[in-house]
Amino acid sequence: MSIGKSEVEYISRLAMIAVAENEVEPVSAKLSKVLDLFEQMQAVNTEGVEPMAHPHEVAQRLRVDQVTEADQHEKLQSVAPATAKEMYLVPQVIE
Amino acid sequence: MLHTLSVKQMSEKLHAGEITSVELTQHYLDRIAEFDPELNAYVTVTPELALEMAKEADVRLKNGAAGQLTGIPIAHKDIFCTDGVKTSCSSKMLDNFIAPYDAHVVTLLKKAGMPILGKTNMDEFAMGSSSESSYYGPTKNPWDLNAVPGGSSGGAAAVIAANLAPLATGTDTGGSIRQPASFCGITGIKPTYGTVSRFGIIAYASSFDQAGPMTRSAEESAWLLNAMSEFDERDSTCLEMSRPDFSANLNDSLAGLKVGVPAEYFGEGLDADVEQVVKAAIAEIEKLGATVLPVSLPNKDLAVPAYYVLAPAEASSNLSRYDGVRFGYRCAQPQDLEDLYKRSRAEGFGAEVKRRIMVGAYALSAGYYDAYYLKAQRLRRMVRDDFTQAFEQCDVIMGPVAPTPAFNLGEKTDDPTSMYLADLYTIPVNLGGFPAMSVPAGFAQGRPVGLHIVGPYFSEAKLLNIGHQFQQVTNWHQQMPEQYR
């Protein structure tokens, strides 16, 4: 299965990963090889087989809805690239 | 020479007061300083932390408050968050990340009194089969510096093989404990999915990732697994059940054990020398009283494509948190929010990680979800059911861990699909979540080869028993590369 330039751009947007112009061709070639591997699956009849998302089909464990963690924002934000007034700073989004 | 002792011998000497944990820890730190520049198996060495913890262990040993592993140093794969220590997952994305908390496994092993020597090199975000995709450069195989140590826990396997740590932690998503264990001639076990808490282990593919011990012997793996497995409510995938004493059955006889050998494991693509080593190991187990019978795993070859849809799909979700906002790498002078996300991720991730995120996003996208993702989930069940049916006839399944011995550095880096096939025998086990281990079984082309032992859910104690009994009649696990003896 061959992945073209427009599909690389589409996937780049989905994955939120910039792909430079000079990388499109090698990225496309390697993605196409991986997708070829997936094509092997299409020949198998899986009709009636229930999809399996997890090794143990157990119900999600729930806990009591109570606060169990102390406020650690200073510690957790100490590894952030940019913060101010307990908030994370990002480029302006709204004009 | 302290590093040639078994962990049991070290423990006895520590408890008898013949050596101190500080002496033992310093011995390993000296060896790391001498040998690691060549191997590149550690990405971070923590001498001050190690010696401080060793002093505390010595106090416990003196006070009679020590356990089996108190005072024994350990190396953690750099995927385990370690409070106050850089935890990079061998990625530029986390090169500046000092973990603000401990993974549950790290907490448990700290409680056991095990000094932390440092963090071991790995494939970036545990994606790879050779430890070559690390931001910090590849680790080399102590048995042959031209060979890869396997991946993604290649650094952990190399430090055990080269005696740069007596014990190490690893994680296994598609074979990342067993394949490097096989390539480096050490023992490694991936427990049943859900046995060890995943809290604080940087996530790759959540329904596959499982931590386990990497050691020289099965007995040592049993000891370490005892210390690192416990129910943890902070991990919703951790099984809420009591854990057995994994070392309780080590000395059981193998008489009457039924060993299933799948014909599909010995077909085209398997290196002839590896086949010979694995068959000789199975014959040795037979001599110990086991019965060998044929079983079938007809969907084995579908496991690789199914895994490479499902694991990247989960990875594309898990790795969406690396966006340059709250922690990790941020690109310079982002123009807007989308530019911040896209350039931070493009510059912070390596090629293989980007490829898997893109493949995963594509597999989950509208139009391909049914054809790829749902199809792969159906195949996952078929692969799991193959094992379940085989285990109705036999107690365990044995075969090769990898189709070849360790390959050369750079040999497969340009061909991702060829690299993926290095995990051909290990991946099916992760699809089902079964426990499995690699036990050193011999050499092919001068490089180590492991025997793969797979069991039904919660059969870790049986696997370790088999490994231990095999190691009572063989000495493959005691062999060490000449320059690291």
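Counting restarts for each chain: residues are numbered from 1 in the order of the written sequence. Chain letters and ligand numbers both follow the written order, the letters beginning at A and the numbers at 1. Local features in this predicted model are restricted to residues of pLDDT 70 or higher, and side-chain atom pairs are both shown and tallied only at a pLDDT of 80 or more, whereas totals for entire chains, interfaces and linings draw on every residue. No hydrogens and no water enter the side-chain calculation; it runs on all heavy atoms of the structure.

Undergrad: With reference to specific residues and values, describe unusual backbone geometry.
TA: Residue and element names in this part refer to chain B. Note the cis peptide between Gly151 and Ser152, where omega equals 5 degrees. By the element assignment, Ser152 lies in the loop between β3 (116–120) and α5 (154–161). For Cys89, which is not glycine, the phi dihedral falls at a positive 55 degrees. Secondary structure elements follow DSSP: runs of H or I of four or more residues count as helices, runs of E of two or more count as strands, with numbering from the N terminus. Looking at where Cys89 falls in the secondary structure, it is placed in the loop between β2 (74–77) and α4 (104–111). The backbone of Ser90 sits at a positive phi, close to 55 degrees, despite the residue not being glycine. You can see Ser90 is positioned in the loop between β2 and α4.

Undergrad: Give me empty space enclosed by the protein: which residues, what numbers.
TA: Residues and elements named next belong to chain B. Throughout, the protein atoms alone are placed on a 1 Å grid, and a set of points is a cavity if a 1.4 Å probe fits but cannot get out or a pocket if it is open with protein on both sides within 12 Å along at least five of seven lines; lining residues have an atom within 4 Å of a point. Grid points are joined across faces, edges and corners, and a volume is the space filled by probe spheres set on the points. On inspection of all chains with the given rule, the structure shows 2 cavities of 30 Å³ or more. Within this model, the largest cavity holds a volume of roughly 50 Å³. Grouping the constituent residues of the lining of the largest cavity by class yields 4 nonpolar, 5 polar and 2 charged. Roughly 40 Å³ of internal volume is contained in the second largest cavity. Contributions of two or more residues to the lining of the second largest cavity are made by β10 (436–444) and β11 (447–454). For this classification, Asp, Glu, Lys and Arg are treated as charged, while Ala, Val, Leu, Ile, Met, Phe, Trp, Tyr, Cys and Pro are nonpolar and the rest, including Gly, are polar. When its residues are assigned to classes, the lining of the second largest cavity shows 7 nonpolar, 2 polar and no charged.

Undergrad: With reference to specific residues and values, describe the interface of chain B and chain A.
TA: Contacts between chain B and chain A engage 72 residues on the former and 50 residues on the latter. When two parts are brought into contact, each loses some accessible area as probed by a 1.4 Å sphere; the total of that loss over both is the buried area. The largest contributions to the chain B side of the interface with chain A come from Met358, Tyr362 and Arg381 of chain B, which together make up 14% of the buried area. Just to be clear on terms, a salt bridge is a Lys or Arg side-chain nitrogen sitting within 4 Å of an Asp or Glu carboxyl oxygen. There are 3 salt bridges connecting chain B and chain A. Between Asp415 of chain B and Lys33 of chain A there is a salt bridge, and its shortest N-O distance comes to 3.2 Å. N or O atoms within 3.5 Å of each other form a polar contact, as long as, within protein, one can give a hydrogen and the other can take it, and as long as residues adjacent in sequence are counted only when both atoms are side-chain atoms. On the surface where chain B and chain A come into contact, there are 23 residue pairs in polar contact (both at pLDDT 80 or more). When contributions to the side of chain B that touches chain A are tallied by element, the ones reaching two or more residues are α9 (303–318), α10 (337–348), α11 (351–364), α12 (369–390), α13 (416–420) and α14 (427–432) of chain B. Ranked by residue count, the leading element in the side of chain B that touches chain A is α12 of chain B, at 12 residues. Classifying every residue of the side of chain B that touches chain A by side-chain character gives 37 nonpolar, 12 polar and 23 charged. Whether two residues touch is decided by their heavy atoms; if any such pair falls within 4.5 Å, the residues are in contact.

These figures capture arrangement, not role.
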